[in-house]
Structure formats: structure tokens, C-alpha cells
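Chain residues, written in single-letter form:
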There are 2 protein chains.
Amino acid sequence: MPYFDAASAAPLHPVARQALLAALDEGWADPARLYREGRRARLLLDAAREAAAQAVGCRPDELTFTSSGTRAVHSGISGALAGRRRVGRHLVVSAVEHSSVLHSATDHESRGGSVAEVPVDRSGAVSPAAYGAALREDTALACLQSANHEVGTEQPVAEVAGLCRDAGVPLLVDAAQSLGQGPVPGGWSLLAASAHKWGGPAGVGLLAVRKGVRFAAQGPADERESGRAAGFENIPAIVAAAASLRAVRAEAAAESERLRALVDRIRSRVPALVPDVEVVGDPVRRLPHVVTFSCLYVDGESLLHELDRAGFSVSSGSSCTSSTLTPSHVLRAMGVLSEGNVRVSLPTGTTAQDVDRFLDVLPGVVAGVREKLGAPAAAAPSPAAPAASLVVDALGRRCPIPVIELAKVIGGVPVGGTVTVLSDDEAARLDIPAWCAMREQEYVGEEPADRGSAYVVRRLS
Amino acid sequence: MPYFDAASAAPLHPVARQALLAALDEGWADPARLYREGRRARLLLDAAREAAAQAVGCRPDELTFTSSGTRAVHSGISGALAGRRRVGRHLVVSAVEHSSVLHSATDHESRGGSVAEVPVDRSGAVSPAAYGAALREDTALACLQSANHEVGTEQPVAEVAGLCRDAGVPLLVDAAQSLGQGPVPGGWSLLAASAHKWGGPAGVGLLAVRKGVRFAAQGPADERESGRAAGFENIPAIVAAAASLRAVRAEAAAESERLRALVDRIRSRVPALVPDVEVVGDPVRRLPHVVTFSCLYVDGESLLHELDRAGFSVSSGSSCTSSTLTPSHVLRAMGVLSEGNVRVSLPTGTTAQDVDRFLDVLPGVVAGVREKLGAPAAAAPSPAAPAASLVVDALGRRCPIPVIELAKVIGGVPVGGTVTVLSDDEAARLDIPAWCAMREQEYVGEEPADRGSAYVVRRLS
């Protein structure tokens, strides 16, 4: 039963399991105590810190273990902002950061700070020039992920780090998705990561803060982990995290190449096998194991459900799979189709057979969902008497229905005529323009309406 | 090799180990995902929450899992204070709370809030009347531990809860030391606990917030655990924590009685076996497994070291075992001797033989340390020509030297004469009055001096 959601959580690596078991017996005591059980725990903790620091590329005393990657990000951002409060309260992030970064930014704004969000191109990458332009005299901190968690696109971290260095601004890199594959290049100042993304256990994050970076830990004082991560150290899990990071790194070169080829296969085959699909994210500058595509006229929830029934576990950035009923902020920032969105992220050890089975199953699953939703055939027949303009009322209908309704009637207006879609679904704002781009029709724009918005499309062909 | 520091961290309970192993395979995926691995993880998480809530005595939807007991306390206090910010910014705590509570209070003060610390008596307990008197119209939150972590004294939680209810103030109970033995009585509003105190794994705390208690989680938003504990859930550890809580509770009645008898044996035998010892904490209203005593003319660090060499792992509240070189805030608040302090906390399964071996070893260890330090014999001989008053310069000397020097010369003044001890050691402020009480001499008081303080003692006998 192939599990294709490694970017959410990877199954426990066998080395992590082994290390965890050993450390349960040896590492349960308080490492701050001077008796033998405490000294043993301290030795394990020190050795894990040494190993993790080597993998990160920092000094052991620059590295603290947190209780999750999210906590590492929260503490890293709040500590760096507080440490440079005299410089200013301006924070720069990319528009496609992980929610832990964006929620930290919102929190900062709610306390009177200011935030600049650097946009991304259609591949999901920031441009170094745009990022550099966002840096100001009062910028206290800049954040950039090493690679995007939803579409796999790598960010130009080394270039942005150079610009930050020139501007005297510390750069925090969220390396959650890439640390298993290799160290982050370039001169980062702070780095955050999460063990369960590389096959370590849950409950362990890493926060590295380079010597010389001003940092003032926020929240109640706590003497553990250099005052940067409150609470009793989870040493067995820390030991397992460090051991699996080493193990995964040792396999990384060969395994990354293998997974990259499997992902290339998905990237090239899916558009050939499934009509009306958009594969998103940078095809080259990308994580080896992640690929994301969106299918017109399909809702993500049904798609995930049917794939799960067929034995495949994947995730989706479609609005219907989100508790807020909005499409993923990453897809929105990229301006790409969000309906029928599927992220495939391959764990270590995924076989070519698993991928081929997925490619066998996918077309039928997509076709089945489209049929159930009454999606239009590839070329919708023109009705007998075309009207110059039509209005489609899709109010109260959720993604992908507004786009399906649009596609059904576009043949009912002459070339040059318009279709206006009334919709109060958040996904329509993203998916109607994306449909126009895929179908080579003109997206005229969005107008306010009594309820929701009116999206105007001009037929070009 | 007996480990007698269960109040710091208990070794992993066999049931916790078993549950953890099973959940490593079944509970590693993201419980927010809809595919089978995610659903499986969610089922485990829900079952663990149900079991833990039953043990706590709350509804499952009132209980969140945090990454540690410290985090549960931090989040509980900050969330409750923010939730009642309109009422006021006054926080009430006891003087002997765990550092996670006191550090939260300091953090609250640093943000403009006010804090009242309710004192304790010599047994370490608050009086309900004093606690009630500290509640004000603008009190947003009150905190009281179920039992003290250093001396084992139980607090009058039910009485204080009643007073808080009458005053309309929510009460947060830190139940870290007692939850393994049984639910907290009375009408608490919030409750915090820590799994590794009851033989669960590190990395799991509990925060219960009763329905109807105003609560506003602080820090960056996060959708997990009702928004009250950021970061990916550590389900294997949570499952192990809940399973071991059930297992420990099932054994609690019989085991508590057994440990209580062993502790009674230590409480009665130590003063008989070792001269100049003060056993502290309430002899009756106490945790079953914790006993603390202090030995005159001994430094805690040497004592711990020698006990460790003899195979016993204990902890100490003496200043020399603290990174800040101040005695434990608990012993200070109680006004009891801090030098040569030893806390013995027995884990589940401790045998009578272990305790007897400890009682065999202790007198020799204490005598050895005293001899090395040149401690005075029980009755110091009076010198030939007593002076009416003497000054002892113990500047730069650490605990227990100032007290040893005092004891050495007190026979050198006539009854009614005084000894003034000059000391810049924080422990002297606590231990010189404590010595006077033990020796039935009069502690006259403390006066400022060029360096440190001058402590004046009048000989009465």
C-alpha cells in the first residue's frame, strides 16, 4: 500500500527506531542531574547534538533541539526579531513559506510589527532581486524556505543569503523539506528543521542560531537547551532524530537520484495520461521526491478519497480539503490551478512499481470523479443560437463546479463574447483565471457582485 | 543500583514502552490527513485523549497534549491570563510553585502584569485563608500545585479551589507530581501535568481547560490540538503516556501505601541515624514517595557525589547544586535549612531492601563529608577566655562553611554574647537562622555590610 505523502510525515526510519529503543533505556533521566543516570542521558544528548550539528553544518553550541519544527520556527523568528528590536520591527518572508512562518508573521503584525511578503513566480520561486528589494534599513529578520513543501520548488537561498548579508539582515532558512537530502548552502543565520520529515520521530525539531546573531528567547525563562527550548529534553527522540539524519544523509545521493527519476516519470506521464492537467512547480530546481499537479473539473476531496480507496495516500492543496475552504496559499501565490490538486511526495524506498501502479490507476480515478460531477467533454458543443454574453450563477457551489459551469457554457457565446460567472467560492478567484490560461481564453477580470464576485471571461477561440 | 529521583523523571513504565513500540508503527502519520495512515493516527490520538481525560477527570475535548509539562504550564497560564485580560492583569501563585509557574509569573510581570506570591508555612503549605486574601477583583488567574515537587507537601487544593470559585477566579493546578497517584480533588479550572513524572515518555504534557473558562491561546496560530499546542502531534509518545497513566493508576492505591511506609521509615530513621538533621515537609499531608531532609555542616554537592558513588541517585535543593548558587526557592520560602539538602523520591517498585541499604550508607557518607569540611563535634568546647562578642569573616566561603564557622565559635562567647558572621553566600541568609532554630540559639538579624551581610546570633545556651 504505497504511502505518497512523505512531505507531511515520513514513516520512521529503521535506524531511528533502533536508536530510540536503545535510548529509552539509557536516556530517560534528567541530563541536568549529576548522578549516573543523568550523566548517561547528558552523554547521549551531547552526542546527538554533535551529530546533528555536523549534518546541519554548524557548531554544536549553535544547535538546540525543540519539540517540533513548528516550535523551531516560532522560537527562531520571535527570538531573532526580539534580538534586533532596536534595528526595527520589519520582517520579510516569501509568500509561499510554511504556515508556521506565516503565522509567526501574523503574530508579529498583531504586536505592531510590519511584514513584507515577497511574491513568487508561477513556478513557486522568489526572485533574488525582488527579495533584495524588500530588505529595508529597519528589517530585523528575513525568512526563506530552502524548498517549498507543496510544490517542491527550490528557492534561491544562496543568492538571497548574499543579499541579506550585504544588507546586514539575518536570514532564517526553514529547511524542513530539504535537510534530509543535504545541508543548506550559503550563509544562513538561523535554520529550522523537523525530524519527522526525514524519518526521525515526531517531537523533535532543530533550531540553529549562528554565533554572533542577536537572539533573545521569548516567553518564560527556562534553563534547558541554552534557554531556547523550554521543557524537559526528549532525549530518546532526539537521539533517534540525530541517528536517522545521519543514516538518511548517507543514502541521500543515490536515493535522491532514484526518486528524482521517478518524479520525472510522473511529471511527464500524468499530462499524457490525464487530459486537462497542470503540473506545477519548477521542473528542474526542485526537491527530488515531490511533484504536484492539478486536474480541471475535479474536486480534491473526491480525488483523495478515490486514490485512498485504490491504496494511494497523497495530499492536496484544493480548497475542499482545507478546513477554511480556501485553496492552499502556495498555489494562490503561484497563480496556478487549485482544483483537483494532488501532491505526491515519495518516501525513501518507493519503488518504480509503486509509481507505475499509481500512473495506471490515476486516469480512471480522475475520469470517474469528472463523470460524477458532470464535467464537460474536451470540446463542448456550441448550442444552436449563441448569445453575445451569458451569466452563470454558481453562487453557493463549491470548487470545481463554478469552473465546470463556465466550461459548459463558453461554447454558447460567439468568439469575442463573454461569460460572467457569479461565485462566492474562494477557489474561483484562482481557478477561473487558471482555466483561462489553460484554455487560451481571456480572463477579463473580477467585479464586485451582490454576493461573492463576478468573474468575466472573453471567448477567444 | 537504586534510583531515588522519581520526582525529576521516572524510568519508562513497561506499559509505556510497549504502547510506544506499537504506536511507532501505527501512529507516525499526520492525524489531520484523510488517508488510511492518517485515520489510523487519528484513532490512536482520540483513544489516548479519551483515556487521559478519564484519568484527569475531564471531557476529552477539554484536554490537549503539549510537548512537556513546562509547555502545558506556560500555555495554560498565558492563555488563561489573556482570556481574562478585561478582568485584570493580576496573577496569584504560591511561593513554592514549580519554576515553570514562577517563570511564567516573571514573564507576566515583565509585560506589565502584577503578581502576588502567597507564602507558605514551615511545612511548605499555603494557608487557604492567606491564599483567599490574595485574590482581588482584578485577579485574572490563580495557580496552585497539587503537591510540592521538592518536599512532597500537599497543598489544600480543594479549599483554595472553593475560595477561587467564590471569587470568580479560575484556578490552574499544576498536578505534575500527583497525577499518577490520583485525580486532583475540587473544582479546578485548568490543570497541567507531565507524562515523564508518572513513567510515561518525555515529550508529553497535559493541559486541561474546563469548558466555560475563558482562554485565548498565545503565540502564532496553529490548528493542532484545538489551537493550544503548536506543532505536529507526537502520537506514539502520547499513546504511551496515556497507557502508562492508566497502568500507574491501576497500581496506585497499593503502591502508594507501600511507598508511604518506606518514606515513613526514612523520615523516622534518618534523624536517629544522622546527628544534626532536619527532615522537612509535612509528615502526613504529603506525596507518598517523596521525603526531603537537610544535614548541618554538609554541602549538598559532596553529599550527592558520595551517595552517587555508593549507588544512590538523589537530588538536592542546596545552593551548591544550583547553577545560580542560591538555595532552592522552596526551602527558602519554608525558612528551613538548605545545606546538605537531600530529596529522596522513590519510583514505583522501590524495595524495602533498597531503602534499608540507603539508611545503612547515609550516616557514613554524611560523617565523611563533615570530617572533610572540619565540621564541629556535637558540643564545641569553650575556649579558656570567652569574649563577649566575636566576628567571623566567612566572606568568599560557600555553604556550609559560614554555618560551620559559626558553630565552631559560638562556644567562645558567654551565654548572652553574640557572634556576627560576615558572609556573601546566599545560602547563609537561610541557613544561619535555620541553624539557630535547630540549636536553640537566638537569631538577632541581618545587617548590611561592606561586602555581603552581617548575620548576628546571640548565644542562649
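The structure displayed is predicted, hence computed values, not measured ones.

Thresholds, definitions, all that
- Residues numbered from 1 in each chain as written.
- Chains lettered and ligands numbered in written order.
- Predicted model: local features only at pLDDT ≥ 70, side-chain atom pairs only at ≥ 80, totals over all residues.
- Heavy atoms only, no water.
- Phe/Tyr/Trp six-rings, centres within 6.5 Å; stacked < 30°, edge-to-face > 60°.
- Helix = DSSP H or I, 4+ residues; strand = E, 2+ residues; numbered from the N terminus.
- Buried < 20%, exposed > 50% of the residue type's maximum accessible area, 1.4 Å probe, protein only.
- Lys NZ or Arg CZ within 6 Å of the ring centre and 35° of its normal.
- Pairing = 2+ DSSP bridges.
- Axes fitted to C-alpha atoms, helices over the stretch in contact; angles between N-to-C directions.
- Contact = heavy atoms within 4.5 Å.
- Salt bridge = Lys/Arg side-chain N within 4 Å of Asp/Glu carboxyl O.
- Polar contact = N/O pair within 3.5 Å; in protein donor to acceptor, adjacent residues only side chain to side chain.
- UniProt positions renumbered as here; feature names shortened; annotations may be inferred.
- Core = buried A, V, L, I, M, F, W, Y, C linked by side-chain atoms within 4.5 Å.
- Domains from an automatic or database assignment.

## Comments concerning the packing of aromatic side chains
Then, in step 1: Within the structure shown, the criterion is met by 10 aromatic pairs over all chains.
Then, in step 2: On the numbers, 4.6 Å between centres and 85° between planes, the contact of Tyr3(A) with Trp28(B) is edge-to-face. Placement of the pair is Tyr3(A) in the segment before helix H1 (14-26) and Trp28(B) in the loop between helix H1 (14-26) and helix H2 (36-56), with the two residues belonging to separate chains. The pair Tyr3(A) / Trp28(B) is uniform in exposure class, with both members buried.
Then, in step 3: Following the ring pairs from residue to residue traces out a cluster consisting of Tyr3(A), Trp28(B) and Tyr35(B).
Then, in step 4: It is Arg210(A) that lies over the ring of Trp188(A); its NZ or CZ is 3.9 Å from the centre.
Then, in step 5: Over the ring of Phe215(B) we find Arg228(B); its NZ or CZ atom is 4.7 Å from the centre of that ring.

## Observations concerning the sheet that holds strand S9 (residues 290-295) of chain B
Paired through backbone hydrogen bonds, the strands of a sheet run either parallel or antiparallel to each other.
All names here are of chain B.
Then, in step 1: Across the sheet, which stays open at both edges, the three strands sit in the order S8-S9-S10 with antiparallel pairing between neighbours. Each edge of the sheet is formed by a strand with only one pairing partner; in this case those strands are strand S8 (277-280) and strand S10 (341-345). Here the average twist between neighbouring strands, direction ignored, is 20°.
Then, in step 2: Sitting on the sheet, helix H7 (residues 235-273) touches S8, S9 and S10, and the angle it makes with S9 is about 15°.

## Let's talk about the pattern of salt bridges
Then, in step 1: Counted under the stated rule, the structure contains 60 salt bridges over all chains.
Then, in step 2: A salt bridge links Glu306(B) to Arg309(B), with the nearest nitrogen and oxygen atoms 3.5 Å apart. Remark: Arg309(B) and Glu306(B) occur in helix H8 (residues 300-309); sequence separation between them is three residues, near one turn of the helix.
Then, in step 3: The shortest N-O distance in the salt bridge between Lys408(B) and Glu405(B) comes to 3.7 Å. One end of the pair, Lys408(B), and the other, Glu405(B), are both in helix H11 (residues 401-409), three residues apart, so they sit about a helical turn from each other.
Then, in step 4: For Lys408(B), a relative accessible area of 38% translates into the label partly exposed.
Then, in step 5: For Glu405(B), a relative accessible area of 22% translates into the label partly exposed.
Then, in step 6: Salt bridges here are not isolated pairs; linked through shared partners, they connect Asp5(A), Arg343(A), Asp30(B), Arg33(B), Arg224(B) and Glu233(B).

## Here we look at the sheet that holds strand S13 (residues 442-448) of chain B
All names here are of chain B.
Then, in step 1: Pairing in this open sheet of four strands is mixed, and the strands run S11-S12-S14-S13 from one edge to the other. Edge strands, defined here as strands with exactly one partner in the open sheet, are strand S11 (389-393) and S13. Direction aside, neighbouring strands of the sheet carry axes that sit 20° apart on average.
Then, in step 2: Of the strand pairs in this sheet, strand S12 (residues 418-423) and strand S14 (residues 453-458) are connected by six bridges, and their pairing is antiparallel. Residue pairing in the sheet places Val421 in a bridge with Tyr455 of S14.
Then, in step 3: In the packing of H11 onto the sheet, contacts are made with S11, S12 and S14, and the angle to S12 comes to roughly 160°.

## So, the side chain of Asp5(B)
Then, in step 1: Structurally, Asp5(B) is set in the segment before H1.
Then, in step 2: Reaching out from Asp5(B), the side chain makes a polar contact with the side chain of Arg33(A) at a distance of 3.5 Å.
Then, in step 3: At 3.4 Å, the side chain of Asp5(B) forms a polar contact with the side chain of Ser315(B).

## What to know about the UniProt feature "domain: UPF0033" (unreviewed entry) in chain A
Then, in step 1: Under the UniProt annotation, the feature "domain: UPF0033" (unreviewed entry) is placed at residues 392-416 of chain A.
Then, in step 2: As annotated, residues 392-416 of chain A comprises 36% helix and 8% strand, and the C-alpha atoms at either end are separated by 17 Å.

## Focus on helix H6 (residues 157-167) of chain B
Residue and element names in this part refer to chain B.
Then, in step 1: Buried within H6 we find Val157, Val160, Ala161, Gly162 and Cys164.
Then, in step 2: Buried residues along H6 sit against helix H5 (128-134), strand S4 (139-145) and strand S5 (171-174).
Then, in step 3: A positive phi of about 70° marks Gly168, the residue just after H6.

## Thoughts on the nonpolar core
Then, in step 1: In terms of nonpolar packing, the biggest core is built from 61 residues, with Val56(B), Leu63(B), Phe65(B), Tyr131(B) and Leu171(B) touching the most fellow members.
Then, in step 2: Both domains that meet at this core, namely domain 1 (14-248) and domain 2 (252-373) of chain B, each give it at least three residues.
Then, in step 3: Apart from residues no more than four positions distant in its own chain, Phe65(B) is found in contact with Leu45(B), Ala48(B), Arg49(B), Ala52(B), Val204(B), Gly205(B), Leu206(B), Glu225(B), Ala229(B) and Ile238(B).
Then, in step 4: By size, the runner-up hydrophobic cluster in this structure holds 60 residues, among which are Val56(A), Phe65(A), Val151(A) and Cys164(A).

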